[in-house]
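Each chain, written out:
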Amino acid sequence: ALSESRMRRIRGPGIAMVFQEPMTALNPVFTVGDQIMETLRAHERLPDKALFARSVEMLEKVGIPSAALRMKDYPHQLSGGQRQRAMIAMALACGPRLIVADEPTTALDVTVQGQILDLLKQQSVESGSALILITHDLGVVARYAERVVVMYGGRIVESAPARRLYKSPAHPYTSGLMASVPRLDSDTDQPLLPIEGQPPNLAHLPLGCAFAPRCR
């Protein structure tokens, strides 16, 4: 029910978003520097010189070399990992209290994935921000999450500290997810157990637990 002007005060300083595909989230016709400065300009009254310096500082903070020169680059001139770093710089520019990262390592190679996730975790710790990481990768969850919320059919089905959830999952869907991922220490003769059936139609969810038709 908030007005657009009230919502703008929340977006940026309160909540910031890191989207999963930086090539579509960044505007291809504006330089990376212009897009970071635009974010700052929307929330802080600073002269252009100060906006530029602050934007360079943010790019340096997320590990982009020659940050002042990169400010003049367009998104297509950066690698996938650099574009995602620029997205993180933009999200962190106004010091948000909450960072929402939606599959932030999609389409990145494994080495870069680790760098980006380490960077997000480090920046959230340094700034005192909370970090919500949305992902399907159980390995990422195990490494980075303190608390895990499992969703099915658009609803929360289980919530627990990460260590406890991996040790003793309570919901059959969580157990199914764990069983369908190969483990290095598992018996190689034992096949993976897929979750049979199809996800529910969100427009016509069944009564009770939406996972019931697929539950063993």
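Residues numbered from 1 in each chain as written. Predicted model: local features only at pLDDT ≥ 70, side-chain atom pairs only at ≥ 80, totals over all residues. Heavy atoms only, no water.

Chemist: Would you take a moment to explain the sheet that holds strand β3 (residues 130–134) for this structure?
Modeler: Through backbone hydrogen bonds, the strands of a sheet pair up, either in parallel or in antiparallel fashion. The three strands are arranged β1-β2-β3 in an open sheet whose pairing can be described as parallel. Each edge of the open sheet carries a strand with a single partner, namely β1 (15–18) and β3. Strand after strand, the sheet turns through a mean of 15 degrees between neighbouring axes, direction not considered. As paired elements, β1 and strand β2 (residues 98–102) share four bridges and run parallel to each other. Within β2, the position partnered with Ala 16 by the bridge is Ile 99. Where helix α6 (residues 80–92) meets the sheet, it contacts β1 and β2, and its direction lies at approximately 175 degrees from that of β1. Packed onto the sheet, helix α7 (residues 110–127) meets β1, β2 and β3 and runs at close to 155 degrees relative to β3. (Pairing = 2+ DSSP bridges. Helix = DSSP H or I, 4+ residues; strand = E, 2+ residues; numbered from the N terminus. Axes fitted to C-alpha atoms, helices over the stretch in contact; angles between N-to-C directions. Contact = heavy atoms within 4.5 Å.)

Chemist: How should I be thinking about the environment of Leu 202 in this particular structure?
Modeler: Relative to the helices and strands, Leu 202 is located in the segment after α10 (172–179). Sequence-wise, Leu 202 and Thr 24 are 178 residues apart; in three dimensions their C-alpha atoms are separated by 26 Å. Leaving out residues up to four positions away in the same chain, Leu 202 has contacts with Gly 153 and Gly 154.

Chemist: Would you mind showing me how to read unusual backbone geometry here?
Modeler: Phi is mostly negative for residues that are not glycine, and the peptide bonds are mostly trans. A positive phi angle, close to 50 degrees, is found at Ser 66, a residue other than glycine. Relative to the helices and strands, Ser 66 resides in the loop between α4 (48–61) and α5 (67–70). Even without glycine at this site, Glu 103 takes up a positive phi of about 45 degrees. Considering the arrangement of structural elements, one finds Glu 103 in the loop between β2 and α7. For Glu 103, a relative accessible area of 15% puts it in the buried group. (Buried < 20%, exposed > 50% of the residue type's maximum accessible area, 1.4 Å probe, protein only.)

Chemist: It is not clear to me how α6 should be interpreted in this structure. Could you clarify?
Modeler: It helps to recall that an α-helix has 3.6 residues per turn; residues three or four apart then point in one direction. Under the 1.5 Å per step criterion, the end-to-end length of α6 is 19 Å for 13 residues, consistent within 8% with the ideal 18 Å. Across the 13 residues of α6, 12 count as buried, placing the element largely inside the fold. Restricting attention to buried positions, one finds in α6 the residues Gly 81, Gln 82, Arg 83, Gln 84, Arg 85, Ala 86, Met 87, Ile 88, Ala 89, Met 90, Ala 91 and Leu 92. (Expected span 1.5 Å × (residues − 1).)

Chemist: Any chance you could explain the nonpolar core here in plain terms?
Modeler: Note on soluble globular proteins: their nonpolar side chains tend to be buried together. Formed by 32 residues in total, the largest nonpolar core has its most connected members in Val 18, Leu 59 and Ile 88. Going through the elements one at a time, β1, α3 (32–43), α4, α6, β2 and α7 are the ones with two or more residues in this core. Ranked by residues supplied to this core, first place goes to α6 with seven residues. Ignoring any residue separated from it by four or fewer positions in sequence, one finds Val 18 in contact with Gln 84, Met 87, Ile 88, Ala 91, Ile 99, Val 100, Ala 101, Asp 102, Pro 104 and Leu 120. (Core = buried A, V, L, I, M, F, W, Y, C linked by side-chain atoms within 4.5 Å.)

Chemist: How should I be thinking about the pattern of salt bridges in this particular structure?
Modeler: Where side chains of opposite charge bring their charged atoms close, a pairing between them can arise. All chains considered together, the criterion is met by six salt bridges. The residue Arg 70 makes a salt bridge to Asp 73 at a minimum N-O spacing of 2.7 Å. The partner of Glu 146 in a salt bridge is Lys 121, and the shortest N-O contact between them spans 3.9 Å. Of this pair, Glu 146 sits in the loop between α8 (138–144) and β4 (147–152) while Lys 121 is found in helix α7, placing the two residues 25 residues apart along the sequence. (Salt bridge = Lys/Arg side-chain N within 4 Å of Asp/Glu carboxyl O.)

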